[in-house]
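# A closer look at the structure
Here is what each chain is made of, one letter per residue.
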Amino acid sequence: GAGVSQSPSNKVTEKGKDVELRCDPISGHTALYWYRQSLGQGLEFLIYFQGNSAPDKSGLPSDRFSAERTGGSVSTLTIQRTQQEDSAVYLCASSLQGVTDTQYFGPGTRLTVL
Amino acid sequence: AQSVTQPDIHITVSEGASLELRCNYSYGATPYLFWYVQSPGQGLQLLLKYFSGDTLVQGIKGFEAEFKRSQSSFNLRKPSVHWSDAAEYFCAVGARNFGNEKLTFGTGTRLTIIP
């Protein structure tokens with residue numbers, strides 16, 4: 001079946017603009033994660049959705065970052081008033097239920113803020 | 001909170017040689033432990049994971065890892081590397097407590113294979 005898909009694959013924006021990144025998880029996966037991968041920084045956890053539970057937003061770096069997951073499926077990560085330090089690859093992953101299940105990663109969205 | 005340290009940023013190994021990538025974690029109890037690989041132009045893929053039981057875990061592509069509680073380590077090994085193993089390797093730790101269902105990743109080790 002289809003894996004995790006993300007769009008767009010690349011996004012170039014100007015400082016101060018808002019951006020939306022989309023993630024389509026694997027069908028039937030109730031857990032969805034967003035990570036940020038910066039050069040030399042590894043993967044930084046941003047937010048975690050599990051079913052209908054309140055999301056774990058503990059990794060969001062500032063209030064400019066927000067995410068939602070509609071209908072328990074597609075998720076959108078929104079960055080408002082983008083800054084140059086937001087430039088990174090944003091990765092989405094989904095798993096069947098929780099932390100013990102294998103996370104399947106999407107190809108990522110490369111965000112460049114000029 | 002849990003944390004992961006991968007002390008080697010970059011390792012170069014000859015094809016056919018053995019490999020060991022180091023991973024140390026910090027967590028108050030026995031964590032869930034994972035190794036992921038990110039090949040050039042490809043997404044992250046799970047190599048293996050440890051939850052409990054036998055401390056030596058076998059994974060895909062001939063990799064194995066050993067959980068050592070006394071050393072808080074989960075090192076990844078392969079007896080003979082292939083050129084296709086060149087990639088970035090990430091160790092990750094997950095907490096066992098409900099409400100903390102996330103993985104904390106290390107900064108990664110980039111593996112270069114020379115002929």
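See the structure above.
In this text, all values refer to a predicted model and were calculated from it rather than measured experimentally.

## Description of the overall build of chain A
- In terms of helices and strands, chain A carries zero helices and 10 strands.
- Element order for chain A, N to C, with α for helix and β for strand: β-β-β-β-β-β-β-β-β-β.
- In terms of overall dimensions, chain A is globule-like: its C-alpha atoms have a radius of gyration of 13 Å, near the 13 Å expected for 114 residues.
- Taken over the C-alpha atoms alone, chain A extends approximately 35 × 25 × 25 Å along its principal axes.
- Out of the 114 residues belonging to chain A, those deemed buried represent 49%.
- Sequence-distant contacts in chain A: of pairs separated by 6 or more residues, those separated by 24 or more amount to 56%.

## Some thoughts on the nonpolar core
Residue and element names in this part refer to chain B.
- Leu19, Trp35, Leu47, Leu48, Phe74, Leu76 and Tyr89 are the most contacted members of the largest nonpolar core, which has 26 residues in total.
- Elements with a minimum of two residues in this core: β2 (10-14), β3 (19-21), β5 (32-38), β6 (44-50), β8 (64-68), β9 (73-78), β10 (87-94) and β12 (109-114).
- Top element by residues in this core is β10. It accounts for four residues.
- When sequence neighbours within four positions are dropped, the list of residues in contact with Phe74 reads Cys23, Leu33, Phe34, Trp35, Leu48, Tyr50, Ala65, Glu66 and Phe67.

## So, the sheet that holds strand β7 (residues 75-79) of chain A
Residue and element names in this part refer to chain A.
- Taken in spatial order, the four strands line up as β1-β3-β7-β6 in an open sheet, and their pairing is antiparallel. Because the sheet does not close on itself, it has two edges, and the strands there are β1 (5-7) and β6 (65-69). With direction set aside, neighbouring strand axes in the sheet form an average angle of 15°.
- Judged from the five bridges that link them, strand β3 (residues 19-24) and β7 form a sheet pairing that is antiparallel. Residue pairing in the sheet places Leu21 in a bridge with Leu77 of β7.

About the cut-offs
- Residues numbered from 1 in each chain as written.
- Chains lettered and ligands numbered in written order.
- Predicted model: local features only at pLDDT ≥ 70, side-chain atom pairs only at ≥ 80, totals over all residues.
- Heavy atoms only, no water.
- Helix = DSSP H or I, 4+ residues; strand = E, 2+ residues; numbered from the N terminus.
- Rg over C-alpha atoms; globule rule 2.2 N^0.38 Å.
- Buried < 20%, exposed > 50% of the residue type's maximum accessible area, 1.4 Å probe, protein only.
- Contact = heavy atoms within 4.5 Å.
- Core = buried A, V, L, I, M, F, W, Y, C linked by side-chain atoms within 4.5 Å.
- Pairing = 2+ DSSP bridges.
- Axes fitted to C-alpha atoms, helices over the stretch in contact; angles between N-to-C directions.

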